[in-house]
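Single-letter residue listing:
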Amino acid sequence: MSLEIEKTIVLVGLMGAGKTSIGKRLAKNLNLEFRDSDREIEEKVGCSVAEIFESFGEAYFREMERETIRHLLLDLPPHVLATGGGAFMDEQTRNLIKENALSVWLRAALDVLVDRVSRNDSRPLLAQGNQKQVLERLIGVRYPIYAEADLVVDSDSGPHYKVVEQIIWKL
Ligand code: S3P
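Cut-off values and rules
- Residues numbered from 1 in each chain as written.
- Predicted model: local features only at pLDDT ≥ 70, side-chain atom pairs only at ≥ 80, totals over all residues.
- Heavy atoms only, no water.
- Axes fitted to C-alpha atoms, helices over the stretch in contact; angles between N-to-C directions.
- Helix = DSSP H or I, 4+ residues; strand = E, 2+ residues; numbered from the N terminus.
- Parallel < 35°, antiparallel > 145°, perpendicular 65-115°, else oblique.
- Contact = heavy atoms within 4.5 Å.
- Nonpolar A, V, L, I, M, F, W, Y, C, P; charged D, E, K, R; others polar.
- Buried < 20%, exposed > 50% of the residue type's maximum accessible area, 1.4 Å probe, protein only.
- Pairing = 2+ DSSP bridges.
- Phe/Tyr/Trp six-rings, centres within 6.5 Å; stacked < 30°, edge-to-face > 60°.
- Lys NZ or Arg CZ within 6 Å of the ring centre and 35° of its normal.

For the rest of this paragraph, the subject is the packing of helix α2 (residues 37–45) against helix α4 (residues 58–75). Between α2 and α4, the shortest axis-to-axis distance is 9 Å and the interhelical angle comes to 110 degrees. With respect to α4, the axis of α2 lies roughly perpendicular. On α4, the residues touching Ser-37, Asp-38, Glu-40, Ile-41, Lys-44 and Val-45 of α2 are Tyr-60, Phe-61, Met-64, Glu-65, Thr-68, Ile-69 and Leu-72. Residue composition of the contact of α2 with α4, grouped by class: seven nonpolar, two polar and four charged.

The next thing to look at is the pairing of strand β4 (residues 101–107). Within β4, five of the seven residues are buried, leaving the element largely enclosed by the surrounding structure. Where strand β1 (residues 8–12) lies against β4, five bridges are found, and the strand directions are parallel. By the bridge assignment for β4, Val-12 is matched with Trp-105.

Before going further, it helps to examine the packing of aromatic side chains. Per the stated rule, a full pass over the model turns up five aromatic pairs. An angle of 45 degrees between the planes, with centres 5.9 Å apart, marks the rings of Trp-105 and Tyr-146 as tilted. Here Trp-105 is found in strand β4, whereas its partner Tyr-146 is found in helix α7 (residues 131–146), with 41 residues between them in sequence. Per residue, the accessibility class of Trp-105 equals that of Tyr-146, and both read buried. A network of ring pairs unites the aromatic residues Trp-105, Tyr-143 and Tyr-146 as a single cluster. The cationic tip of Arg-107 hangs over the ring face of Trp-105; the distance from NZ or CZ to the ring centre is 5.5 Å.

Structure, rendered in structure tokens:
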């Protein structure tokens, strides 16, 4: 694919929207490197996101997230970056992304999210109660903010390559 990509493509959206798997595929299609902010934080701190939440609290995690995304956007050449679901909710991180990247919101319906997150129980916010109720509440709070992303692509239950095609078409 010979698209001229001048800015990092940042994927935002709720847990289960497919940011990591779609991001990897997108990066491959565009011949770009793929990064995942959660994985970068885990490597830096030396433990899992769940352990960071438990030992240091969410505020510390958000600070690490802000610094990690700043470094990736300002110091690395254009790449595809999957962010954690709360990253774009942080005003400073959001502004950083708006100023230095092209953001894509992977929008997914509640049932699709519930189905996808049920395969992985490592997410601290979902351990706080009924997964469907938590996601429903987060949809209410976060979707109006995710809508500020540059592009919106629906990430439904179909194959990921179709979502990647949609993103590339919109780029
Ligand atoms: C979070 C989403 C997670 C991770 C952390 C907090 C959130 O990432 O960053 O558990 O606030 O929505 P994924 O969206 O990749 O699951």
